[in-house]
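# What the coordinates show
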Amino acid sequence: MRWGLVPAWFRDSDPKALQFSTSNCRSESILQKKSYKEPLLQGRRCVVLVDGFYEWRRQEKDKQPFFIYFPQSPPGLDPAAPKPPSCPHLLDQGEEGEGSEWTGWKLLTVAGLFDRWSPPGGGEDLYSYTVLTVEASPSLQGIHDR
């Protein structure tokens, strides 16, 4: 499965030739875009599991990354779990107490759409998906608007 939806109706022999980005789909315009409307109406919905995602805050000429992830488990549940990625600006929406330890990821669930593209000259079908975006929650609006 590939991130970046390749619509079933796409007729080029190379899916990389798609001339527009389909990694994210704005939920408010989902029915206005043929690439997303057809999979939605055909019931090709999916849930994408992610450790987290990056949002980028623009700062003049630069961008600052923020890794957004789900509030994590209380300390002590899984001491063997891997540590989070090193990023100087982790944003955890949960609360951590004194002496808390990393206990492993709780995954985020993200709404998505998928489609199956068949190469016009034959060959293996390609399954691909897009994630749906909405306006940012109040706690994230200072970083990004979506």
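Above this text is the structure in question.
In this report, the structure presented in the accompanying data block is examined. (Residues numbered from 1 in each chain as written. Predicted model: local features only at pLDDT ≥ 70, side-chain atom pairs only at ≥ 80, totals over all residues. Heavy atoms only, no water.)

## Re the overall build of the protein chain
Test applied: In this text, helices come from DSSP runs of H or I with a minimum length of four residues, and strands from runs of E with a minimum of two, each type numbered from the N-terminal end. Type-normalised accessible area, obtained with a 1.4 Å probe on protein chains alone, sets the label of each residue: buried when under 20%, exposed when over 50%, and partly exposed for intermediate values. In what follows, a contact means two residues having at least one pair of non-hydrogen atoms within 4.5 Å. Computed by Shrake-Rupley with a 1.4 Å probe, the accessible areas treat only the displayed protein chains as cover when residues are assessed.
Across its full length, the protein chain carries 1 helix and 8 strands. Listed N to C, the secondary structure of the protein chain is β-β-α-β-β-β-β-β-β in terms of helices and strands. Within the span of the protein chain, comprising 146 residues, buried residues form 32% of the whole. A sequence separation of at least 24 residues applies to 57% of the contacts in the protein chain between residues at least 6 apart. Carbon together with sulfur atoms contributes 51% to the accessible area of the protein chain, which is approximately 9,800 Å² in total.

## Considering the packing of aromatic side chains
The criterion, for reference: Working definition: rings of Phe, Tyr and Trp (its six-membered ring) pair if their centres are within 6.5 Å, and the pair is stacked with planes under 30 degrees apart, edge-to-face with planes over 60 apart, and tilted otherwise.
A complete count under the given rule lists 4 aromatic pairs for this structure. Taken together, a centroid distance of 4.9 Å and an interplanar angle of 55° make the contact between Tyr54 and Phe67 tilted. Residue Tyr54 is found in strand E4 (residues 52–59), and its partner Phe67 is found in strand E5 (residues 62–69); the two are separated by 13 residues along the sequence. Assessed through its relative accessible area of 37%, Tyr54 is described here as partly exposed. Judged by relative accessible area, which is 6%, Phe67 ranks as buried.

## Describing helix H1 (residues 34–41)
The line we're drawing: By construction, the arc corresponds to the directions joining the helix axis to the C-beta atoms.
Turning to H1, its buried residues are Ser35, Tyr36 and Pro39. Projected onto a plane normal to the axis of H1, the buried residues spread over an arc of 80° and lie on a single side. On its buried face, H1 is in contact with strand E2 (24–26), strand E7 (108–117) and strand E8 (126–133). Note on H1: the residue one or two positions beyond its end, Gly43, has a positive phi of about 75°.

## Re the pattern of salt bridges
Condition: Any carboxyl oxygen of Asp or Glu within 4 Å of a side-chain nitrogen of Lys or Arg constitutes a salt bridge here.
Evaluated as defined, the whole model comprises 3 salt bridges. For the salt bridge of Glu28 with Arg26, the shortest nitrogen-to-oxygen distance reads 3.7 Å. Exposure remark for Glu28: the relative accessible area of 48% places this residue in the partly exposed category. Between Arg116 and Asp125 there is a salt bridge; the shortest N-O distance is 3.3 Å. Among the residues examined, Asp125 registers a relative accessible area of 30% and is labelled partly exposed.

## Some details on the pairing of E7
Put simply, side chains in a regular strand alternate between the two faces of the sheet. Definition in use: Note on pairing: DSSP must find at least two bridges between two strands before they are called paired.
Taken together, the 6 bridges between strand E3 (residues 45–50) and E7 define a ladder with antiparallel strand orientation. Across the sheet, residue Arg45 finds its bridge partner in E7, namely Leu113. Pairing between E7 and E8: 6 bridges, direction antiparallel. Residue pairing in the sheet places Arg116 in a bridge with Tyr127 of E8.

## Focus on the environment of Thr133
Secondary-structure assignment places Thr133 in strand E8. For the pair Thr133 and Gly112, spaced 21 residues apart in the sequence, the C-alpha separation amounts to 9.0 Å.

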